[in-house]
Amino acid sequence: MKRMVDVVKTDTLTINEERSKEEIVEELERTKWKRVGKTLAKDWRLYALLIPLLVFLILLKYRPIYGVLQAFKNADNIALSVMDQNWYGLRFAKLLLNGDYAGDFFQAFRNTFVNSAYGLCFGFPLPIFLALLFSEVKNKKYRSVLQVCSYLPKFISTVVITTIIFRWSYQGNKTLDVAPGLLANIFLKLGWYDGSTDLINTARFFRPIYQVSDVWESCGYGSIVYFAAIIAISPANYEAAKIDGASKLQEIKYVTLPGMAPTLSIMLITRIGSILNIGYEKIILLWNGNGENNTRDTADVISTFVYRFRNSTAAGMRQAAVAADLFNSFIAMFLVLGANAISRRVSDTALF
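Presented here is an overview of the structure given in this document. (Residues numbered from 1 in each chain as written. Predicted model: local features only at pLDDT ≥ 70, side-chain atom pairs only at ≥ 80, totals over all residues. Heavy atoms only, no water.)

## Digging into the overall build of the chain
Helices and strands together make up the secondary structure of the chain, namely 16 helices and zero strands. With 352 residues in all, the chain has 32% of them scored as buried. Counting only contacts in the chain whose residues sit at least 6 apart along the sequence, the fraction spanning at least 24 positions is 63%. Carbon and sulfur atoms make up 64% of the accessible area of the chain, which totals about 22,900 Å². (Helix = DSSP H or I, 4+ residues; strand = E, 2+ residues; numbered from the N terminus. Buried < 20%, exposed > 50% of the residue type's maximum accessible area, 1.4 Å probe, protein only. Contact = heavy atoms within 4.5 Å. Areas by Shrake-Rupley, 256 points an atom, 1.4 Å probe, with all protein chains shown as cover.)

## Description of the packing of helix H11 (residues 235-243) against helix H12 (residues 248-273)
Helix-helix packing is described using two parameters, namely the angle between the two axes and the distance between the axes. Look at H11 against H12: their axes get within 10 Å of each other, and the N-to-C directions meet at 145 degrees. In terms of crossing hand, the pair formed by H11 and H12 is right-handed. Seen from H11, the contacting residues are Asn237, Tyr238, Ala241 and Lys242; seen from H12, they are Glu251, Val255 and Thr256. Looking at side-chain class alone, the contact of H11 with H12 contains three nonpolar, two polar and two charged residues. (Axes fitted to C-alpha atoms, helices over the stretch in contact; angles between N-to-C directions. Left-handed = near helix turned anticlockwise from the far one by under 90°. Nonpolar A, V, L, I, M, F, W, Y, C, P; charged D, E, K, R; others polar.)

## A look at the layout of surface pockets
Taken as a whole, the largest pocket spans an internal volume of roughly 1,000 Å³. Pro64, Val68, Asp325, Leu326 and Ser329 are, among the 29 residues lining the largest pocket, the residues nearest its centre. For the lining of the largest pocket, the elements supplying multiple residues, two or more each, are helix H3 (44-62), helix H13 (280-286), helix H15 (302-310) and helix H16 (317-347). If you tally residues by element for the lining of the largest pocket, the top one is H16, at seven residues. (1 Å grid on protein atoms, 1.4 Å probe; cavity = no way out; pocket = protein on both sides within 12 Å on 5 of 7 lines; lining within 4 Å. Points joined across faces, edges and corners; volume = space filled by probe spheres on them.)

## Here's the deal with the nonpolar core
As a rule of thumb, nonpolar side chains are buried together in soluble globular proteins. Of all hydrophobic cores here, the largest spans 19 residues; its most connected members are Ile128, Tyr226, Ile230 and Met260. Residue assignment for this core shows that the elements contributing at least two residues are helix H6 (125-135), helix H10 (203-231), H11 and H12. In terms of residue count, the dominant contributor to this core is H10 (six residues). In this structure, Ala184, Tyr210, Trp287 and Ala299 belong to the second largest nonpolar core, which totals 17 residues. (Core = buried A, V, L, I, M, F, W, Y, C linked by side-chain atoms within 4.5 Å.)

## Here we look at the side chain of Asp198
Tracing the backbone through its elements, the reader meets Asp198 in the loop between helix H9 (182-190) and H10. Although Asp198 is buried, it forms no salt bridge, and the closest oppositely charged side chain is Arg167 at an N-O distance of 10 Å. Once you skip the residues sitting within four places of it in the chain, Asp198 turns out to touch Ser169, Tyr170, Gln171 and Tyr193. (Lys, Arg positive; Asp, Glu negative; His and termini not counted. Salt bridge = Lys/Arg side-chain N within 4 Å of Asp/Glu carboxyl O.)

What follows is the structure in structure tokens.
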């Protein structure tokens, strides 16, 4: 009899607990928007700061998506709106992939991928290495000076940087008694370069010069995130490693790098997502893009391809440029999704 009473009490408690849970869930659902309103009212200043960002995203990121329709319509008649123009379907995409523009497009796509791959191989690990070096400098004033010096190239105008590159790669002029640039002179003495054109206008030197200048420009600034990740690691972990007799390299291997792992994963995903996104400004400044020099085989990327075609007056070239940019965006999206999925499975760290 006593056992039956205990069972009844247990069942009653279970039923009451289930009812209370259901009541709590119903209450939360009923007061959801009320709680959201209280949160907004409490922290309204923080949410007000988001308004300029939302306006920026809507006007400069989402509104231009309307223009993507040009890739599927005949946009030669500028008097008509995009919605009123004739629907051409995938005609311009076919011109890119298997038509008159296929040669230029695939050359630009290949150059984009190769340049980005070089940038990923050299431009991604070097800021990490620089951040590790900064973390080992114990004198804070000396470290601050070094960091500021490494950040400065990021704030130099692209025009100034390309001008420096041109001056260093200048072939010289015997008639005017003008000596070759510093880099061109070194390459001439080493026998790597015949001096017939400017060094930057030689196809096989364009990529190395572009990559080295890009790493020099962005390496110091990119190390800020990794240095912050190193600073966030608890000093107790390093003390425990020292007690266990770990050397400096072992501390980096077993303490610093694992502590940086979430940051490294997120930064690698974003870097892979932008692997096909090379800005056209620097390349246009280094290469005039009109085919007068022999660097087109290595210099022309998708962004410069789009820039040239968008500014063309020939029929269909503007639509082909929009289609190329859209194709580039789709590839970048799938790269981000793939890298994010791999990161989630390997390290349990992901953007979404």
